[in-house]
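Below are the chains, spelled out letter by letter.
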Amino acid sequence: MSEWEEPAAHAGGCGNNCTDALDRLWEYLDSELPELDAQTVRTHLAECRGCLEEYDVDVVVKHLVKRGCQEVAPEALRVRIHEQLTVMRVTATD
């Protein structure tokens, strides 16, 4: 298998519902799953190294995105965007 091919059963390859666990990973990270589903993902991550590694990567990405979104736009930019949105709204209603 080349480095560009995806392993079988998605990341983990353990055959224990890797695809299902990874499909729900972002919801799990955001605490949006019902408790039973969250427990299923937790159990899978505890048993599957490949999916746990994917989880670790997703946690880092989530933290980077959060850190990158802490900046406040300069006031001049905020005013310019507000003005353009106002013009677009007036134009759309005409």
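A few points about the overall build of the protein
Then, number 1: When helices and strands are tallied, the protein shows 5 helices and 0 strands.
Then, number 2: For the protein, the sequential pattern of α-helices and β-strands runs α-α-α-α-α.
Then, number 3: Here the protein, with 94 residues, has 16% of them falling under the buried criterion.
Then, number 4: Considering only intrachain contacts with a sequence separation of at least 6, the fraction spanning at least 24 residues in the protein is 51%.
Then, number 5: Total accessible area computed for the protein in this model is approximately 7600 Å², and 55% of it derives from carbon and sulfur atoms.

A short note on a nonpolar patch on the surface
Then, number 1: Together, Trp 26, Val 57, Val 61 and Val 65 give the surface a local cluster of nonpolar side chains, amounting to about 340 Å² of exposed area.
Then, number 2: Of the residues forming the nonpolar patch, the biggest block, 3 residues, is contributed by helix α4 (residues 49–68).
Then, number 3: Tracing the sequence through the fold places Trp 26 in helix α2 (residues 25–29).
Then, number 4: For Trp 26, a relative accessible area of 38% gives the class partly exposed.

Overview of the nonpolar core
Then, number 1: Ranked by size, the top nonpolar core spans 10 residues in total: Cys 18, Leu 22, Leu 25, Tyr 28, Leu 33, Ala 38, Val 41, Leu 45, Cys 48 and Cys 51.
Then, number 2: Put simply, the parts of the chain that give this core at least two residues each are α1 (18–23), α2 and α3 (35–47).
Then, number 3: Sorting elements by how many residues they give to this core places α3 first, with 3 residues.
Then, number 4: When near neighbours in sequence (up to four residues on either side) are disregarded, Tyr 28 contacts Leu 33, Ala 38, Val 41, Arg 42, Leu 45 and Tyr 55.

Notes on the pattern of salt bridges
Then, number 1: What the rule picks out here adds up to 5 salt bridges.
Then, number 2: Across the pair Arg 24 and Asp 37 runs a salt bridge whose closest N-O atoms are separated by 3.1 Å. Of the two residues, Arg 24 is situated in the loop between α1 and α2 and Asp 37 in helix α3; the sequence distance between them amounts to 13 residues.
Then, number 3: For Arg 24, a relative accessible area of 32% puts it in the partly exposed group.
Then, number 4: Across the salt bridge formed by Arg 78 and Glu 75, the nearest N and O atoms sit 3.7 Å from each other. Of this pair, Arg 78 and Glu 75 both sit in helix α5 (residues 75–93), 3 residues apart, which is roughly one turn of the helix.
Then, number 5: Owing to a relative accessible area of 54%, Glu 75 belongs among the exposed residues under this scheme.

Concerning the confidence of the model for the protein
Then, number 1: On average, residues of the protein carry a pLDDT of 83, and 83% of them reach 70 or more.
Then, number 2: Ignoring residues within four places in sequence, the model shows residues 1–10, a span with pLDDT below 50, making 9 contacts including any to other chains.

With respect to the side chain of Asp 58
Then, number 1: Along the chain, Asp 58 turns up in helix α4.
Then, number 2: The residues touching Asp 58, leaving out its near neighbours within four places in the chain, are Leu 25, Trp 26 and Leu 29.

Some points on the environment of Leu 25
Then, number 1: Residue placement: Leu 25 occurs in helix α2.
Then, number 2: Contacts of Leu 25, omitting those with residues within four sequence positions, involve Leu 45, Glu 54, Tyr 55 and Asp 58.

The rules behind each value
Residues numbered from 1 in each chain as written. Predicted model: local features only at pLDDT ≥ 70, side-chain atom pairs only at ≥ 80, totals over all residues. Heavy atoms only, no water. Helix = DSSP H or I, 4+ residues; strand = E, 2+ residues; numbered from the N terminus. Buried < 20%, exposed > 50% of the residue type's maximum accessible area, 1.4 Å probe, protein only. Contact = heavy atoms within 4.5 Å. Areas by Shrake-Rupley, 256 points an atom, 1.4 Å probe, with all protein chains shown as cover. Patch = residues over 30% accessible without salt bridge, like charges linked within 9 Å, V, L, I, M, F, W, Y side chains within 5 Å. Salt bridge = Lys/Arg side-chain N within 4 Å of Asp/Glu carboxyl O. Core = buried A, V, L, I, M, F, W, Y, C linked by side-chain atoms within 4.5 Å. pLDDT = per-residue confidence, 0-100.

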